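Chains, contacts and geometry: an overview
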Amino acid sequence: MNPDKVLIVSSKIDVQQFTWQFLNKSGILLYQATTLEKAYEMYSRISFDLFVFEKVTENTLGLQQFVQFIRSKSDFIPIIFIDRDLTEHEQLELLKARVSFFVAGSASIAVLEEHIINTLMVQRKLKNKNFYIAEETDLKLGAFRFNPKRYEFFIHNKLIPLSSKEVKIMELFMENPQQVFSKKEIYLRIWNADNFNDNMITVFINQLRKKIAAELPGTEVIKTIWGLGYMFEPE
């Protein structure tokens, strides 16, 4: 099996900090770019399986454009962003550019290693086209299936990579089909916080719609109920 190639775009993380066991037993090759210019140059030569970003410049627009550049090449390469000193606005803009998920800036190298390994395991399953064997506890609605034990979401038995918040929103919808939820209800249930953020919900719903539409073109199962909120209505 060819090793997975991971590009770490960061001026703060030293790839030598990663453990010997991680580098030698996980089948992963780590590359590092300390600037966006170097990242562009390396991506032009090497086909990467995963990107790990940090804020290497105060110009967040440049980061957003690079993420969009990656997405123009592939919809499926995972992009992990280390949330170190990002404002809420910057997070939203990066989500719109389709960063896969954020990791806390305080996370240790060991935690980051686990994120990388787990994310690449999902990618390997997709590449190998391994189909999912259903479990009795799964939630099943038409083409959709949700495994509540592993927090995995499938369309026609194909695993759909979702962020931690996206998967919780889908769990809510799968457990309550054809029930309307306001943006505030979704926020309180998923984020379990009082500082309601309307725009954050819109971003995540749009991301879910795009991922579902990629598998089921022309289908809109997350419907907007004007003045009320959203409803999941599988065909």
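In the block above lies the structure referred to throughout.
This write-up is about the structure you can find in this document. (Residues numbered from 1 in each chain as written. Predicted model: local features only at pLDDT ≥ 70, side-chain atom pairs only at ≥ 80, totals over all residues. Heavy atoms only, no water.)

Further remarks concern the pairing of strand S4 (residues 79-83). Across the five residues that make up S4, a large majority, four, are buried. A crossover connection joins S4 to the parallel strand S5 (residues 101-104) through helix H4 (residues 88-96); in handedness this β-α-β unit is right-handed. (Buried < 20%, exposed > 50% of the residue type's maximum accessible area, 1.4 Å probe, protein only. Helix = DSSP H or I, 4+ residues; strand = E, 2+ residues; numbered from the N terminus. Right-handed = clockwise from strand over helix to strand, strands pointing away.)

Along the chain, the position of Ser100 falls in the loop between H4 and S5. Looking at Ser100, the relative accessible area reads 18%, which means it is buried. Of note is the side chain of Ser100, whose polar atom sits 3.5 Å from the side chain of Arg71. In contact with Ser100, other than residues within four places in its own chain, are Arg71, Ile77, Pro78, Ile79 and Ser163. (Polar contact = N/O pair within 3.5 Å; in protein donor to acceptor, adjacent residues only side chain to side chain. Contact = heavy atoms within 4.5 Å.)

Summary: where empty space remains is shown by rolling a probe the size of a single water molecule over the atoms. Quantified by volume, the largest pocket comes out at close to 1,200 Å³. Taken together, 44 residues form the lining of the largest pocket, with Phe101, Pro161, Leu162, Ser163 and Ser164 sitting closest to its centre. When contributions to the lining of the largest pocket are tallied by element, the ones reaching two or more residues are H4, S5, helix H5 (109-128), strand S8 (152-155), strand S9 (158-159), helix H6 (164-175) and helix H8 (198-215). With nine residues, the top contributor of residues to the lining of the largest pocket is H5. Class assignment of the residues belonging to the lining of the largest pocket gives a composition of 21 nonpolar, nine polar and 14 charged. (1 Å grid on protein atoms, 1.4 Å probe; cavity = no way out; pocket = protein on both sides within 12 Å on 5 of 7 lines; lining within 4 Å. Points joined across faces, edges and corners; volume = space filled by probe spheres on them. Nonpolar A, V, L, I, M, F, W, Y, C, P; charged D, E, K, R; others polar.)

If you check helix H3 (residues 60-73), its first and last C-alpha atoms are 20 Å apart, about what 14 residues at 1.5 Å a residue would give, namely 20 Å. Of the residues making up H3, those classed as buried are Thr60, Gly62, Leu63, Gln64, Phe66, Val67, Ile70 and Arg71. In this structure, the buried residues of H3 make contact with helix H2 (36-45), strand S3 (50-53), S4 and H4. (Expected span 1.5 Å × (residues − 1).)

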